[in-house]
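A structural walkthrough
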Amino acid sequence: RKSRTTMRILITAGPTREYIDPVRYLSNESSGKMGFALAAAAKRRGHQVTLIAGPVCLATPKGVERIDVVSAREMLAVLRERFKDADALIMAAAVADFRPRRRLRGKWKAKEDGGDPSIDLVENPDLLMTVARRKGVRKVVAFALETSQGKRRARAKMAAKNADWIVLNGAEALGGDRTSVTLMDRAGNELELLDRTKVQVARVVIGLLE
């Protein structure tokens, strides 16, 4: 069944990589499966979908425009450009909070250099906060992976980053095909979806936008 109103939905998925040198990087365990399931669900509902994907090994859902990026700053550059024409944004990517202050041109030979190896980190820009602060009537769905005080932290994130909904999940969702989430909105409503496939969760999330 197609939705009555076709929307232009922008979705981010997967991790980012922040390179230390040509062969090493900082990243996380995000597989991108949730973001890709969201893109597929939105397309099935008849929406126009652009998927901004970090480094993942997943096939592009049929009919979805895919833009591949690597770092947080690359993802932000695409977000800034594409959010201008979007009706809704779903931030499912797990963006690295920090990056090395400088990227070495050659392989880091810490053992040969001696001493205590260390990496000087700087904070990456907050992608969601940067683009959502002037969202106007556009709808924004955020994701929050928390390991403690999840609901309190998720609600604080939703308010601080100007999202309309937030999807709270835990570390057990990383890499798997199933997940348990709590959907939360600005009015204080909550909906728990326990041990569902990411495809099932994606359908519900897309339904929020419609």
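An account of the accompanying structure is given in this report.

Concerning the overall build of the chain
Across its full length, the chain holds six helices and 12 strands. On C-alpha atoms alone, the chain measures out to a radius of gyration of 18 Å, which is about the 17 Å that the 2.2 N^0.38 rule sets for 210 residues. Along the three orthogonal principal directions, the C-alpha set of the chain runs to about 65 × 35 × 35 Å. Taking all 210 residues of the chain together, the buried fraction comes to 46%. Pairs at least 24 residues apart make up 62% of the contacts formed inside the chain by residues separated by at least 6 positions. Put simply, the chain shows about 11,500 Å² of open surface, and 47% of that area lies on carbon and sulfur atoms. Taking the average place of the 40 positive charges on the side chains of the chain and the average place of its 25 negative ones, the gap between the two points comes to 5 Å.

Here we look at the sheet that holds strand S12 (residues 190-197)
The eight strands are arranged S5-S4-S1-S6-S9-S10-S11-S12 in an open sheet whose pairing can be described as mixed. Edge positions in the sheet fall to strand S5 (65-68) and S12, since each of these pairs with one other strand and no more. For this sheet, the mean inter-axis angle between neighbouring strands, taken without regard to orientation, is 15°. Pairing geometry for strand S4 (residues 48-53) and S5, over four bridges, is parallel. Its bridge partner lying in S5, Thr 50 is registered against Glu 65. Relative to the sheet, helix H2 (residues 72-82) contacts strand S1 (8-13), S4, S5 and strand S6 (88-91), its axis offset from that of S1 by approximately 175°.

What about the packing of aromatic side chains?
Counted according to the given criterion, the structure contains one aromatic pair. Stacked on the ring of Phe 83, the Lys or Arg Arg 138 has its end atom at 3.9 Å from the ring centre.

What about helix H6 (residues 198-209)?
For an α-helix the count is 3.6 residues per turn, leaving residues at separations of three or four pointing the same way. Between its first and last C-alpha, H6 extends 17 Å over 12 residues, near the 16 Å set by a 1.5 Å rise per residue. Looking at H6, one finds that the buried residues are Lys 198, Val 201, Ala 202, Val 205, Ile 206 and Leu 209. Down the axis of H6, the sector holding all buried residues measures 135°, keeping them to one side.

What about the side chain of His 47?
Assignment of secondary structure puts His 47 in the loop between helix H1 (33-44) and S4. Reaching out from His 47, the side chain makes a polar contact with the backbone nitrogen of Met 7 at a distance of 3.0 Å. Side-chain polar atoms of His 47 contact the side chain of Glu 210, separated by 2.6 Å.

Re the environment of Leu 121
Relative to the elements of secondary structure, Leu 121 occurs in strand S8 (residues 121-123). Exposure remark for Leu 121: the relative accessible area of 39% places this residue in the partly exposed category. Residues Leu 121 and Phe 98, 23 residues apart in the sequence, show an inter-C-alpha distance of 6.1 Å. Excluding residues within four positions of it along the chain, Leu 121 makes contact with Leu 26, Phe 98, Arg 99, Pro 100 and Arg 101.

With respect to unusual backbone geometry
Positioned with a positive phi, Asn 162 is a non-glycine residue whose angle comes to about 65°. Take Asn 162: it is sitting in the loop between helix H5 (150-160) and strand S10 (165-169). For Asn 162, a relative accessible area of 25% gives the class partly exposed. Even without a glycine there, the phi angle at Asp 195 is positive, about 45°. Following the sequence through the fold, Asp 195 ends up in strand S12.

Concerning the nonpolar core
Leu 38 and Ile 90 are the most contacted members of the largest nonpolar core, which totals 31 residues. Mapped by element, the contributors of at least two residues to this core are S1, H1, S4, S6, strand S9 (139-145), S10, strand S11 (178-185) and H6. Of all the elements, H1 adds the most residues to this core, at seven residues. Excluding anything up to four places from it in sequence, Leu 38 contacts Ile 11, Ile 90, Ala 92, Phe 143, Ala 202, Val 205 and Ile 206. Ile 52, Ala 144, Ala 163 and Ile 166 belong to the second largest nonpolar core, which has 27 residues in total.

Rules used throughout
- Residues numbered from 1 in each chain as written.
- Predicted model: local features only at pLDDT ≥ 70, side-chain atom pairs only at ≥ 80, totals over all residues.
- Heavy atoms only, no water.
- Helix = DSSP H or I, 4+ residues; strand = E, 2+ residues; numbered from the N terminus.
- Rg over C-alpha atoms; globule rule 2.2 N^0.38 Å.
- Buried < 20%, exposed > 50% of the residue type's maximum accessible area, 1.4 Å probe, protein only.
- Contact = heavy atoms within 4.5 Å.
- Areas by Shrake-Rupley, 256 points an atom, 1.4 Å probe, with all protein chains shown as cover.
- Lys, Arg positive; Asp, Glu negative; His and termini not counted.
- Charge placed at Lys NZ, Arg CZ, Asp CG, Glu CD.
- Pairing = 2+ DSSP bridges.
- Axes fitted to C-alpha atoms, helices over the stretch in contact; angles between N-to-C directions.
- Phe/Tyr/Trp six-rings, centres within 6.5 Å; stacked < 30°, edge-to-face > 60°.
- Lys NZ or Arg CZ within 6 Å of the ring centre and 35° of its normal.
- Expected span 1.5 Å × (residues − 1).
- Arc of directions from axis to C-beta.
- Polar contact = N/O pair within 3.5 Å; in protein donor to acceptor, adjacent residues only side chain to side chain.
- Core = buried A, V, L, I, M, F, W, Y, C linked by side-chain atoms within 4.5 Å.

None of the figures reported here should be taken as evidence of function without further support.
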